[in-house]
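Inside the fold
The primary structure of each chain is shown beneath.
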Amino acid sequence: MLLTIVKYPDPVLQQPGEPVTEFDDKLRKLVADMFETMYAAQGIGLAAPQVSVSKRITVIDLSNAKDPKQKMVLINPEVIHREGKLYEEEGCLSFPEIREKVVRAAKVKIRAQDEHGKWFEAEGEELLSRCLQHEIDHLDGVLFIFRISGLKRDLALRKIRKMQRAGEW
């Protein structure tokens, strides 16, 4: 089932998600719906707060459904190691039409649970590292526009207000 992706400034986007404690069919259905929603929106990552669910759940697939081995489900994730720096452009499904360069670690190691509650660790470099950090930020209530300079953030927020007034946001 397709879920509605909320846009900034929806308050759910800026609150930390609650830890997941029940690993049941309801959770697995939400994860499946999140993948379906992310693919329909042409995204590579989607966090539960972006679909109005204030839980620490995110899905990632850099292949956009082309390679099932790249599908990742991260529940209660945390970054346990960061290395290097990358300065690349990012976008966000909750900020359509807004893209800005953000500094992120070039390589990360994360610890998370899968949809059955089993703990695992994973590493990511380059785009996967960026995506992992971006999605975990969502679970902490941190949005990518708050990781850019104040001037660029003001310009982005001005563009959003203009689109809101025009009924395009």
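Before any of the text, the structure's been laid out above.
The structure displayed is predicted, hence computed values, not measured ones.

Some remarks on the overall build of the chain
Helices and strands together make up the secondary structure of the chain, namely three helices and seven strands. In sequence order, the chain lays out its α and β elements as α-β-β-β-β-β-β-β-α-α. Along the longest, intermediate and shortest principal axes, the C-alpha atoms of the chain span 45 × 40 × 30 Å. By the burial criterion, 46% of the 169 residues in the chain qualify as buried. Counting every atom, the chain has about 8,900 Å² of accessible surface; 50% of that belongs to carbon and sulfur.

Description of the sheet that holds strand β1 (residues 45-47)
If you walk across this open sheet you meet the five strands as β1-β2-β3-β6-β7, and the pairing is antiparallel. Bordering the open sheet on either side are β1 and β7 (119-125), each of which pairs with just one other strand. Ignoring which end each strand starts from, the neighbouring axes of this sheet average 40 degrees apart. When strand β6 (residues 107-113) meets β7, the two strands line up antiparallel, connected through seven bridges. Following the sheet pairing, Ile110 is matched in β7 by Ala122.

Points about the nonpolar core
If you look at the biggest cluster of nonpolar residues, it comprises 17 residues, and the most contacted ones within it are Tyr8, Phe95, Ile98, Phe144, Ile145 and Ile160. With four residues, the single largest contributor to this core is helix α3 (residues 150-165). With near-sequence residues (within four places) excluded, Phe144 lies in contact with Glu90, Gly91, Cys92, Phe95, Ile98, Glu100, Val102, Arg104 and His134. Ranked by size, the runner-up nonpolar core spans 15 residues in total, among them Leu27, Val31, Phe35 and Val59.

Looking at the packing of aromatic side chains
For the structure shown, the criterion picks out three aromatic pairs. With 5.1 Å between their ring centres and 25 degrees between their planes, Tyr8 and Phe95 make a pair best called stacked. Remark: Phe95 occurs in the loop between β4 (86-90) and β5 (100-104) and Tyr8 occurs in the segment before α1 (25-40); sequence separation between them is 87 residues. By the burial criterion, Tyr8 is buried, and Phe95 matches it. One aromatic cluster is present, formed by Tyr8, Phe95 and Phe144 through successive ring pairs. Directly above the ring of Phe35 sits Lys71, whose terminal nitrogen or CZ lies 4.3 Å from the centroid.

Focus: the side chain of Thr37
Examined against the element boundaries, Thr37 turns out to sit in helix α1. The class of Thr37 is buried, set by a relative accessible area of 4%. Reaching out from Thr37, the side chain makes a polar contact with the backbone nitrogen of Leu3 at a distance of 2.8 Å.

What about α3?
Taking 1.5 Å of rise per residue, the 16 residues of α3 would be expected to cover 22 Å, and the 22 Å separating its terminal C-alpha atoms lies within 8% of that figure. When we look at burial in α3, the residues that qualify are Arg153, Ala156, Leu157, Ile160 and Met163. In a view along the axis of α3, the buried residues occupy a sector of 120 degrees, so they form one face of it. Relative to its buried face, α3 has exposed residues pointing more than 90 degrees away, namely Leu151, Arg158, Lys162 and Arg165.

Focus: unusual backbone geometry
The amide bond that connects Tyr8 to the next residue, Pro9, takes the cis arrangement and shows omega of 15 degrees. Secondary-structure assignment places Pro9 in the segment before α1. At Ala65, a position not held by glycine, the phi torsion is positive, near 75 degrees. As for its placement among the helices and strands, Ala65 is situated in the loop between β2 (57-60) and β3 (72-83). With a relative accessible area of 47%, Ala65 lands in the partly exposed category. If you check the backbone angles, Glu97 has positive phi at about 75 degrees while not being a glycine.

Conventions we followed
Residues numbered from 1 in each chain as written. Predicted model: local features only at pLDDT ≥ 70, side-chain atom pairs only at ≥ 80, totals over all residues. Heavy atoms only, no water. Helix = DSSP H or I, 4+ residues; strand = E, 2+ residues; numbered from the N terminus. Buried < 20%, exposed > 50% of the residue type's maximum accessible area, 1.4 Å probe, protein only. Areas by Shrake-Rupley, 256 points an atom, 1.4 Å probe, with all protein chains shown as cover. Pairing = 2+ DSSP bridges. Axes fitted to C-alpha atoms, helices over the stretch in contact; angles between N-to-C directions. Core = buried A, V, L, I, M, F, W, Y, C linked by side-chain atoms within 4.5 Å. Contact = heavy atoms within 4.5 Å. Phe/Tyr/Trp six-rings, centres within 6.5 Å; stacked < 30°, edge-to-face > 60°. Lys NZ or Arg CZ within 6 Å of the ring centre and 35° of its normal. Polar contact = N/O pair within 3.5 Å; in protein donor to acceptor, adjacent residues only side chain to side chain. Expected span 1.5 Å × (residues − 1). Arc of directions from axis to C-beta.

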